[in-house]
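# Geometric and topological summary
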Amino acid sequence: MTLSASTAPPQEEAPTPAPPAPEKRRGADTRALTQVLFAELKELTPGTPEHNRVRGALIEANLPLVRYAAARFRSRNEPMEDVVQVGTIGLINAIDRFDPDRGVQFPTFAMPTVVGEIKRYFRDNVRTVHVPRRLHELWVQVNSATEDLTTLHGRSPSTAEIAERLRISEEEVLSCIEAGRSYHATSLEAAQEGDGLPGLLDRIGYEDPALDGVEHRDLVRHLLVQLPEREQRILLLRYYSNLTQSQISAELGVSQMHVSRLLARSFQRLRSANRIDA
């Protein structure tokens, strides 16, 4: 029995492939455009207007890569515009060093450079308290180990557990934790949040009883150098070494009366010099 065309079962249509997601499509377009621009850039002479135009187009096309890298640092509470600007410097450096003939995708090559530039910015410019580079890098490891151990044990890990995980001493762990708090210095006059207490300066400040003597000592030092060397020595023996006049006379090989006269003359010179300076 032959079926007519009207009764034949309809053929199944091939399924239409789903269009790629917008983000993936844009990423593929950016990679393709980047390859074309690098091929064009390779044929141009550096410094020429055309070379600068293509280089600028490469920077513009790959800015989403910088924003993606900068988003990893949102928790640092720095303006994202500043982080993106720093990351763009890393992108430019990557563009200038990239060799398309090596068979490496540009995003793979550029990402470490962009992230490294941002990390360097946080290490060298954001911190108001500078910490050694090794301590900063170790703090990143301590922070990561803390998160891993918290997930593993369901609680905050102890210092000993972190030290054992990283194979470092507990003192180094404590130093790293302290370094992690040193991004910003808090003003001593700032009120403490939540407790309603005055600033730290008002709670720990005190009057230094020796503060008034600072200016006096500086004045005496200034006047003392105006005396002859012998009289300077007598004053130092008398008031810094606490020797008596008889001990000074024995030290210098002169009479005690002469020492007394020299002291009196020194005081007179000091008073006169002080009045002139005033």
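Residues numbered from 1 in each chain as written. Predicted model: local features only at pLDDT ≥ 70, side-chain atom pairs only at ≥ 80, totals over all residues. Heavy atoms only, no water.

Taking an unreviewed UniProt entry as the reference, the protein chain is identified by name as RNA polymerase sigma factor SigF belonging to Streptomyces cyanogenus.

The next subject is the packing of helix 11 (residues 229–239) against helix 12 (residues 245–252). For the pair helix 11 and helix 12, interaxial distance at closest approach is 10 Å and the crossing angle is 135°. Our classification of the angle between helix 11 and helix 12 gives oblique. Judged by the sense of rotation from one axis to the other, the crossing of helix 11 with helix 12 is right-handed. Across the interface between the two elements, Arg233, Ile234, Leu237 and Arg238 of helix 11 pack against Ile248, Glu251 and Leu252 of helix 12. Within the contact of helix 11 with helix 12, the residues separate by chemical class into four nonpolar, no polar and three charged. (Axes fitted to C-alpha atoms, helices over the stretch in contact; angles between N-to-C directions. Helix = DSSP H or I, 4+ residues; strand = E, 2+ residues; numbered from the N terminus. Parallel < 35°, antiparallel > 145°, perpendicular 65-115°, else oblique. Left-handed = near helix turned anticlockwise from the far one by under 90°. Contact = heavy atoms within 4.5 Å. Nonpolar A, V, L, I, M, F, W, Y, C, P; charged D, E, K, R; others polar.)

Among the residues of helix 11, those classed as buried are Glu231, Ile234, Leu235 and Leu237. Burial along helix 11 is one-sided: seen end-on, the buried residues are contained in an arc of 165°. (Buried < 20%, exposed > 50% of the residue type's maximum accessible area, 1.4 Å probe, protein only. Arc of directions from axis to C-beta.)

With that settled, the discussion passes to the environment of Leu58. Here Leu58 lies in helix 2 (residues 49–61). The exposure class assigned to Leu58 is buried, which follows from its relative accessible area of 0%. Between the alpha carbons of Leu58 and Leu33 there is a distance of 8.4 Å; along the sequence they are 25 residues apart. Setting aside chain neighbours within four positions, we find Leu58 in contact with Thr34, Leu37, Phe38, Leu41 and Ile95.

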